[in-house]
Amino acid sequence: MSRFLDAEAIEAGVQALARAIRERVGEAPVALVGIRSRGDEVAERVCRVLAEEDADLLYGTLDISLYRDDYEHLHENPQLQGSEIDFEIEGAHIILVDDVLFTGRTTRAALDALCDYGRPARIELAVLIDRGHREMPIQPDYVGIHLETERRDHVYVLLEGTDGEDKVEVRPA
Ligand code: 5GP
Ligand code: MG
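Here's a quick rundown of the structure. (Residues numbered from 1 in each chain as written. Chains lettered and ligands numbered in written order. Predicted model: local features only at pLDDT ≥ 70, side-chain atom pairs only at ≥ 80, totals over all residues. Heavy atoms only, no water.)

**Things to note about the sheet that holds strand β1 (residues 3-5)**
- The antiparallel open sheet is built from three strands, whose spatial order is β1-β8-β7. Pairing within the sheet leaves two strands with one partner each, and these edge strands are β1 and β7 (154-158). Adjacent strand axes in the sheet meet at a mean angle of 15°, parallel and antiparallel pairs treated alike.
- Pairing of β7 with strand β8 (residues 167-171) involves five bridges; the strand directions are antiparallel. (Pairing = 2+ DSSP bridges. Helix = DSSP H or I, 4+ residues; strand = E, 2+ residues; numbered from the N terminus. Axes fitted to C-alpha atoms, helices over the stretch in contact; angles between N-to-C directions.)

Below is the structure:
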């Protein structure tokens, strides 16, 4: 049977991410870089929450479709939307942001893509949902929602800005 997270739970996840990031970032400029698609919306929403608290973060997006090691196996046709990073990567403190962390392969690819731009001082990882089942030695530094799933479950994520509503469905295979 399917399980759902409603809009309230998703907004609470965004707020939890923003709080955790706020507590740990120092005075140095921090850049949130959202992985397309939907990681960019999560990053944007976290930036918005923190901007209300006068914590201004840099913002960028990364499109890593071409860097995935399992490119041919992706069930969705990846849509290349391009990356937008218009600040200096060299020496920056970057927090990569994604909607769902699963095997870790996307994060690995994002690290490759990011390092093509330069040498950041530090890179961290923030995810709205950690659904477990890693296949790479990659762990998030900030998590909005821990979601227990089976390896074969499908997790459907809809976000307000991208899809018109906030909703997560965990559907058994
Ligand atoms: P990973 O590379 O860690 O397996 O997957 C992370 C990326 O693929 C994220 O950008 C996420 O959007 C997408 N992804 C992986 N697994 C799922 C899933 O179960 N549901 C959704 N909605 N996206 C997923
Ligand atoms: Mg994503």
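Once you've had a look at it, read on.
**Looking at the sheet that holds strand β5 (residues 122-130)**
- Strand order in this open sheet of five strands is β3-β2-β4-β5-β6, and the pairing throughout is parallel. With one partner strand each, in any of the chains shown, β3 (58-62) and β6 (142-146) form the two edges of the open sheet. Across the sheet, the axes of successive neighbouring strands diverge by a mean angle of 20°, strand direction being ignored.
- The pairing of strand β2 (residues 30-35) with β3 spans five bridges and is parallel. Bridged to Ile-35 within β3 is Leu-62.
- Helix-sheet contacts for helix α2 (residues 39-52) involve β2, β3, β4 (93-101) and β5, and the interaxial angle to β2 is about 150°. (Contact = heavy atoms within 4.5 Å.)

**Remarks on the site of ligand 1**
- Around ligand 1, the surrounding shell holds 13 residues, and the nearest of these are Asp-98, Thr-103, Gly-104, Thr-106 and Val-155.
- Phe-102 places a main-chain nitrogen or oxygen 3.0 Å from an oxygen atom of ligand 1.
- The separation between a nitrogen atom of ligand 1 and a polar main-chain atom of Val-155 is 2.4 Å.
- Burial of ligand 1 by the surrounding chains reaches 80%, relative to a free accessible area of 480 Å².
- Mapped by element, the contributors of at least two residues to the shell around ligand 1 are β4, α3 (105-115) and β7. (Near = heavy atom within 4 Å. Polar contact = N/O pair within 3.5 Å; in protein donor to acceptor, adjacent residues only side chain to side chain. Areas by Shrake-Rupley, 256 points an atom, 1.4 Å probe, with all protein chains shown as cover.)

**Quick word on the pattern of salt bridges**
- Scanning all chains against the criterion turns up 14 salt bridges.
- Here Asp-40 ties to Arg-36 by a salt bridge, and the two come within 3.5 Å at their closest N and O atoms. Each member of the pair, Asp-40 as well as Arg-36, carries the same accessibility label: buried.
- A relative accessible area of 18% places Arg-36 in the buried class.
- It is possible to trace a salt-bridge network through shared partners that takes in Glu-11, Glu-41, Arg-45 and Asp-166. (Salt bridge = Lys/Arg side-chain N within 4 Å of Asp/Glu carboxyl O. Buried < 20%, exposed > 50% of the residue type's maximum accessible area, 1.4 Å probe, protein only.)

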